[in-house]
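# Results of the structural survey
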Amino acid sequence: YHGTCMKQRKRLILILGPPKVGKTTVVQKVMALSKRRFGGFFTLANQEAKERDFKLVTVEGREKSVPDPSHKLISPCAVENVTTFNVDELESRGVKALHSALSSSEVVVVDELGPMQLHSPNFKRLFEELLESPAILIVTGNDKELSYFAELKTREDCQLFEITAESRCTIPDKINNHLHELLN
């Protein structure tokens, strides 16, 4: 890393990889390692669902307890709401969590950025606002699923971390070191 150069430029932390490689787990580990205040949301696969279904988990600081230990969040990650993830929830809880994070968090988490998120006008407008703000963003997704990532990867303020089964154990420390340099 390049110290002051990175401090000014690499505030968009992009974590890309295929489904089930561990992107959300990496974000949870970063949150557990870091002493920073996080906001935003992440998604968890709904293990009880018969079809591919996700739960939207909003992150609000670290004071609140995990509502359900079956979600296997890594302590001390804290959540405010766990709910079935659909467009309505994205519009209400997800967008609300990002608004709140923009004003009260050091690091904003958007896990996961996918087609549904970008089809929401409110989400897309707020995400564009976040990209233009000085906020530090951690954004996860599958770049094979969403061409929008090609545009994000070309930004000068983007630090890319590609997750594989081999790299997922070392990436949280690398991201945490990157956050430390950005915020100190």
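Our subject is the structure listed above.
Remember, it's a predicted structure, so these values are computed and weren't measured experimentally. (Residues numbered from 1 in each chain as written. Predicted model: local features only at pLDDT ≥ 70, side-chain atom pairs only at ≥ 80, totals over all residues. Heavy atoms only, no water.)

### Here's the deal with the packing of aromatic side chains
Tallied over the entire structure, the rule returns 3 aromatic pairs. Members of the aromatic cluster, connected to one another through ring pairs, are Phe41, Phe123, Phe127 and Tyr148. (Phe/Tyr/Trp six-rings, centres within 6.5 Å; stacked < 30°, edge-to-face > 60°.)

### Quick notes on the pattern of salt bridges
Evaluation of the coordinates by the stated rule reveals 7 salt bridges. A salt bridge links Asp157 to Arg11; the nearest nitrogen and oxygen atoms lie 3.4 Å apart. With Asp157 in the loop between helix H6 (148-153) and strand E7 (158-162) and Arg11 in the loop between helix H1 (4-9) and strand E1 (12-16), the pair connects residues that are 146 residues apart, well separated along the chain. Each member of the pair, Asp157 as well as Arg11, is classed as buried. Between Asp143 and Lys153 there is a salt bridge whose closest N-O contact spans 3.0 Å. With Asp143 in the loop between strand E6 (136-141) and H6 and Lys153 in helix H6, this pair connects stretches of sequence that are 10 residues apart. What makes Lys153 partly exposed here is its relative accessible area of 34%. When salt bridges that share partners are traced, they join Arg11, Glu132, Arg155 and Asp157 into one network. (Salt bridge = Lys/Arg side-chain N within 4 Å of Asp/Glu carboxyl O. Helix = DSSP H or I, 4+ residues; strand = E, 2+ residues; numbered from the N terminus. Buried < 20%, exposed > 50% of the residue type's maximum accessible area, 1.4 Å probe, protein only.)

### Side note on the nonpolar core
By size, the foremost hydrophobic cluster in this structure holds 26 residues, and its most contacted members are Leu113, Phe123, Phe127, Val139 and Leu152. Residue assignment for this core shows that the elements contributing at least two residues are E1, helix H3 (87-104), strand E5 (107-111), helix H5 (121-132), E6 and H6. Ranked by residues supplied to this core, first place goes to H5 with 5 residues. Ile13, Ile15, Val57 and Val109 belong to the second largest nonpolar core, which has 22 residues in total. (Core = buried A, V, L, I, M, F, W, Y, C linked by side-chain atoms within 4.5 Å.)

### Considerations on the pairing of E5
Consecutive side chains of a regular strand alternate in pointing toward one face of the sheet and then the other. In terms of residue burial, E5 counts as a mostly covered element, since 5 of its 5 residues are buried. Neither face of E5 is left uncovered, since the one carrying Val107, Val109 and Asp111 and the one carrying Val108 and Val110 both have all their residues buried. Of the pairings in the sheet, the one linking strand E2 (residues 38-45) to E5 comprises 5 bridges and is parallel in character. Within the sheet, the bridge partner assigned to Phe38 lies in E5 and is Val107. Bridge count for E5 against E6 is 4 bridges, and the pairing is parallel. Bridge pairing in E6 links Val107 to Ile136. (Pairing = 2+ DSSP bridges.)

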